[in-house]
Amino acid sequence: MSSPQANPAARSIRFGVFELDVIAGELRKNGIRVRLQEQPLQILTVLLGRPGEVATREDLRQKLWPGDTFVDFDHSLNTAVNKIREALGDSASKPQFIETVARRGYRFIGTIDSDLPAQSLAAQPLPAQPMPQTPSKFHPELNIPLPHRAIPRGLFGLIQVMYLVFYLVALFHWRGADGAINLLLTGHAADAALITILISSAVGIVFRCYFISAISFDYQHLRKNFAHLFLAVLVLDELWALAPFLAAGKIGFGPAFAATAALLYVPFAERTLLRMAYPEE
């Protein structure tokens, strides 16, 4: 006697107002397709196939990131889960669908109404996806070789330390800065320059301390926050690009001019480094 066969037409799994087409690899909300990229979609498929069970980070790595794929797994997984939550309108602090199990992985905690038994869904192949060989080695936005995230994060942090040193040196050697400015400017212009140094140093210290702490703790929204602050950072950094002229008496006008020219590009380099460290997948 032959064993029962699974219904070949069964292909979807419903939870709440959402429906996942397992075969087509599409997520819909009230019948309207929700845009969700391939890897987040694959992770959601795995979680739905094991409702109430923990899918460990190692399980997900083995299923979705083969051993020969060069990628920062922890960052990629965290980003993918955040995109799933965004698509579902879910929250990590008060989850309705995807729960984080500390130091282990994730599990689906919603109520499922599926055309497929859980065991059958778990056995379904993941949505067809050509393995992203090129994106795994090249940045998805900049089309450059993808470095380890520690490199752009470290360079961004060093830039913040450099500016912090600029501010502190200018404040601790106020009299020297005053003398250097008086060699270049006179009268009200010199007074305005000194006030500008004082105010911009105070503002800059706040900015740099925030950026250093954010990059140190790998704050995932740093790129977005930096974009919101970019105009202020640009004005601040362009002002402090003139800082080498404060030491022109010791290093010479030529080196001071060259250093200023290099510093003018730094705010744009900061933005690029954050794009490298936090790519939008």
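Please refer to the structure placed before this passage.
Let us look at the structure shown here.

What counts, and at which threshold
Residues numbered from 1 in each chain as written. Predicted model: local features only at pLDDT ≥ 70, side-chain atom pairs only at ≥ 80, totals over all residues. Heavy atoms only, no water. Helix = DSSP H or I, 4+ residues; strand = E, 2+ residues; numbered from the N terminus. Expected span 1.5 Å × (residues − 1). Buried < 20%, exposed > 50% of the residue type's maximum accessible area, 1.4 Å probe, protein only. Salt bridge = Lys/Arg side-chain N within 4 Å of Asp/Glu carboxyl O. Phe/Tyr/Trp six-rings, centres within 6.5 Å; stacked < 30°, edge-to-face > 60°. Lys NZ or Arg CZ within 6 Å of the ring centre and 35° of its normal.

Things to note about helix 12 (residues 266-277)
Residues lying three or four places apart along an α-helix face the same way, a consequence of the helix completing one turn every 3.6 residues.
Line of reasoning, step 1. For helix 12, built from twelve residues, the straight-helix expectation of 16 Å at 1.5 Å per residue is met to within 8% by its first-to-last C-alpha distance of 16 Å.
Line of reasoning, step 2. When helix 12 is considered as a whole, its buried residues turn out to be V266, P267, A269, E270, L273, L274, M276 and A277.

Some remarks on the pattern of salt bridges
Side chains bearing opposite charge may pair, as long as their charged atoms lie close to each other.
Line of reasoning, step 1. Counted according to the given criterion, the structure contains eleven salt bridges.
Line of reasoning, step 2. Linking E58 and R61 is a salt bridge whose minimum nitrogen-to-oxygen distance equals 2.6 Å. In this pair, E58 and R61 are both assigned in helix 2 (residues 57-64), three residues apart and thus about one turn of the helix distant.
Line of reasoning, step 3. R61 gets classed as partly exposed once you look at its relative accessible area, which sits at 26%.
Line of reasoning, step 4. Residue D218 pairs with R149 through a salt bridge whose shortest N-O separation is 2.6 Å. Note that D218 is positioned in the loop between helix 8 (187-216) and helix 9 (222-240) and R149 in the loop between helix 5 (133-137) and helix 6 (150-172), a separation of 69 residues in sequence.
Line of reasoning, step 5. On the accessibility criterion, R149 (7% relative accessible area) is buried.
Line of reasoning, step 6. One salt-bridge network, in which partners are shared between bridges, spans D21, E26, R28 and R33.

A few points about the packing of aromatic side chains
Line of reasoning, step 1. This model, assessed by the stated rule, comprises 16 aromatic pairs.
Line of reasoning, step 2. Measuring from centroid to centroid gives 5.4 Å for F211 and F226, while their planes differ by 55°, and the two rings are tilted. A residue pair is termed long-range when its members are at least 10 positions apart, and F211 in helix 8 and F226 in helix 9 qualify at 15 residues. In this structure, F211 and F226 share a single accessibility class: buried.
Line of reasoning, step 3. Every member of this aromatic cluster is reached through a ring pair, and the members are F156, F207, Y210, F211, F226, F230, Y265 and F268.
Line of reasoning, step 4. Over the face of the ring belonging to Y278 we find R149, whose NZ or CZ atom lies 5.1 Å from the ring centre.
Line of reasoning, step 5. The ring of F230 carries the charged tip of R271 above its face, separated from the ring centre by 4.5 Å.

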